[in-house]
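Architecture at a glance
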Amino acid sequence: MSEEMRTRICVSIRETTSQKAAEAAVRAAEWADLVEFRADFIEQPDLPLLLRASRKPVIFTLRSRQEGGAYTGSERRRLETILRASQAGADYVDIESTASWQAIMQGVPPEKVILSHHNFENTPADLNSLLDSMSASGAGILKIAVRARSLGDNLRIAALLEYARKRGATLCALAMGAEGAPSRILSSRWGSCLTFASAPGGEAAAEGQLPADLLTRVYRVREIGGETELYGVLGKPLGHSLSPYIHNAAFAARGKNAVFLPLEASGFDDFLQFHASCPLRGVAVTIPYKGDAYSHAHSLSVAAEQTQAVNTLILNEGYWHGENTDVEGFLIPLRRRALPWKMRAVVLGAGGAARAAIYALRSQGTDVCIVARDAAKAGLVADRLGAEHSAWERLGSLDWDLLVNATPVGMYPAAGQSPVPSEWLKGEWVYDLVYNPQDTRLLKEAAQRGLKTISGAEMFLGQAIKQQILWCGSPPPENIMETALHAALTPNITP
Ligand code: NAP
């Protein structure tokens, strides 16, 4: 990639005082190529202080409320302040395409003007005409930020960037929201001149903006190009997923030119559409798409067939092979502790993870009773996998050696909940498949009552190691993946 084409990372600073913003700009230099001061969040921006503080080129932005900003003063004063920022030495000033940008263009050299457009509702179908009309302004840099409602909306951003490239326009285009994450990470592959990131530890200035350290160290956006292989985690919502941390760490340690993306799809068809234009080599599948992945896979492993759940897709000569690495991952912590297989287990839930746990336990000869809030579903799963089932209300009277929570109760962001009243915890072992947080309320209460506990983090790591072997054909650096997982599970950087 030539230097001119390289995407520059702009750290957007959203602080309430000039002093804090100046300090954040100093810290941002570690990751940033540019720094954007969102001066609309600062009560009385001290221009000289801000400009002196930044070691990187500065974008000065004073966003109005209509455009999603915080500036409440008059429009005349806003334009005057933007002009003053340019005169004081700001490298670039941002002005919206809906504002009187002509006033800015008269006083600022065109190559220093970023003409921006925001749509916080959706991604319109016709972005090319928008680009054409914005190009007519003569501004040196154009910025189009829209709200993604699907993975497919990222493809519109890619198509727009391709159109801009053909027209010779310098464009920053991105999709906001969780669904739009690929557009921020693949900015250099798709030719966006800038990608915006939040200051680590600071607030995001726009929905879906990723912290700069995540963008540079975990996703390694500076290294992504046309040859980079794409992998990802498919689910909705994905806020809880730590897969990007450990798989990107594994790819980096292998020296593999690959990136693992968060793929928050509006439906399975949305994912298929994204894959058709942006082929993925492998996919980790999570809630709620394990059943869809099972139905769409062209071939299945025995574990995937038996559990009717696919948590791993491997692209093989254009065909999807479906695997279920949760089965093997589930057994690893039990083997490690040498638990006897001749025991009674109760599994809570009848979804994908529950089916993996039940199948794994049954394959070792363990007696399993399924307890799910949907009794009919529990009955079907029990019949299929050779287990018993019981009503949720009877859980307190069941005898068990091992209790497995395979429901999402207690998972981030609803941590603090437990699927079971603590007085019902009367067995020997409790295994919570929820891994974020690592120390769930269920595990804490079990430990308080003297039971032995197993965190889902161990299973999570085990199933991810298996995924790496399936995708890359060789074992990954396990210690690096473990370190990445534990760093991501540390409360202050958990997403
Ligand atoms: P899933 O397919 O959606 O199944 C969830 C199950 O939990 C369903 O039976 C559902 O019942 C039940 N459930 C949901 N909310 C409930 C509630 N409030 N009370 C009682 N039951 C409830 O999800 P999954 O893929 O099996 O995942 C379940 C959990 O396991 C998640 O927290 C996931 O992160 C975790 N997991 C961990 C690992 C790991 O490696 N540690 C791997 C896979 C999954 P209905 O059918 O009635 O909705």
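Residues numbered from 1 in each chain as written. Predicted model: local features only at pLDDT ≥ 70, side-chain atom pairs only at ≥ 80, totals over all residues. Heavy atoms only, no water.

1. Remarks on the overall build of the chain
Counting its secondary structure elements, the chain contains 19 helices and 21 strands. The C-alpha radius of gyration of the chain comes to 25 Å, within 12% of the 23 Å expected for a compact globule of 495 residues. Judged by the C-alpha coordinates and their principal axes, the chain covers about 80 × 50 × 40 Å. Buried positions account for 57% of the 495 residues belonging to the chain. Of the contacts formed within the chain by residues at least 6 apart in sequence, a portion of 64% connects residues at least 24 apart. On the chain, roughly 20400 Å² of surface is accessible, and the fraction owed to carbon and sulfur atoms is 49%. Positive and negative side-chain charges of the chain, numbering 50 and 53 respectively, have mean locations separated by a distance of 2 Å. (Helix = DSSP H or I, 4+ residues; strand = E, 2+ residues; numbered from the N terminus. Rg over C-alpha atoms; globule rule 2.2 N^0.38 Å. Buried < 20%, exposed > 50% of the residue type's maximum accessible area, 1.4 Å probe, protein only. Contact = heavy atoms within 4.5 Å. Areas by Shrake-Rupley, 256 points an atom, 1.4 Å probe, with all protein chains shown as cover. Lys, Arg positive; Asp, Glu negative; His and termini not counted. Charge placed at Lys NZ, Arg CZ, Asp CG, Glu CD.)

2. Notes on the site of the ligand
The environment of the ligand is formed by 24 residues, the closest being Ala350, Ala353, Arg373, Lys377 and Leu433. The separation between an oxygen atom of the ligand and a polar main-chain atom of glycine 351 is 3.3 Å. Take lysine 377: an N or O atom from its side chain is 2.4 Å from an oxygen atom of the ligand. Contact with the protein chains removes 80% of the 910 Å² of surface that the ligand exposes when unbound. Secondary structure elements with two or more residues in the shell around the ligand: helix H15 (352-363) and helix H18 (456-472). With four residues, H18 is the single largest residue contributor to the shell around the ligand. Of the residues that constitute the shell around the ligand, the class distribution is 13 nonpolar, six polar and five charged. (Near = heavy atom within 4 Å. Polar contact = N/O pair within 3.5 Å; in protein donor to acceptor, adjacent residues only side chain to side chain. Nonpolar A, V, L, I, M, F, W, Y, C, P; charged D, E, K, R; others polar.)

3. Some words on the packing of helix H10 (residues 243-254) against helix H19 (residues 478-489)
At a minimum axis distance of 8 Å, the contact between H10 and H19 shows a crossing angle of 145 degrees. The hand of the H10/H19 crossing is right-handed. Residue-level inspection shows Tyr245, Ile246, His247, Ala249, Ala250 and Ala253 of H10 in contact with H19, the latter providing Ile480, Met481, Ala484, Leu485 and Ala488. Of the residues assigned to the contact of H10 with H19, the class counts are ten nonpolar, one polar and no charged. (Axes fitted to C-alpha atoms, helices over the stretch in contact; angles between N-to-C directions. Left-handed = near helix turned anticlockwise from the far one by under 90°.)

4. Observations concerning the packing of aromatic side chains
Under the defined criterion, the tally for this structure stands at eight aromatic pairs. With 6.3 Å between their ring centres and 55 degrees between their planes, phenylalanine 268 and tyrosine 289 make a pair best called tilted. Of this pair, phenylalanine 268 sits in helix H11 (residues 268-277) while tyrosine 289 sits in the loop between strand E12 (282-285) and helix H12 (290-296), and the two are 21 residues apart along the sequence. Judged by relative accessible area, which is 7%, phenylalanine 268 ranks as buried. Relative to phenylalanine 460, the ring of tyrosine 435 has its centre 3.9 Å away and its plane inclined at 10 degrees; by these criteria the two rings are stacked. Of this pair, tyrosine 435 sits in the loop between strand E20 (429-432) and helix H17 (441-448) while phenylalanine 460 sits in helix H18, and the two are 25 residues apart along the sequence. Taken as a pair, tyrosine 435 and phenylalanine 460 share a single burial class, namely buried. Between lysine 143 and the ring centre of phenylalanine 196, over which it is positioned, the NZ or CZ distance is 4.1 Å. (Phe/Tyr/Trp six-rings, centres within 6.5 Å; stacked < 30°, edge-to-face > 60°. Lys NZ or Arg CZ within 6 Å of the ring centre and 35° of its normal.)

5. Topic: the sheet that holds strand E11 (residues 258-264)
With respect to topology, six strands assemble into an open sheet ordered E11-E10-E12-E14-E15-E13, the strand pairing being mixed. A strand with exactly one partner marks an edge of an open sheet, and here the two such strands are E11 and strand E13 (299-300). By the bridge criterion, seven bridges tie strand E10 (residues 229-235) to E11 in an arrangement that is parallel. Bridge pairing in E11 links glycine 235 to glutamate 264. (Pairing = 2+ DSSP bridges.)

So far we have only geometry, and geometry alone does not tell us how the molecule works.
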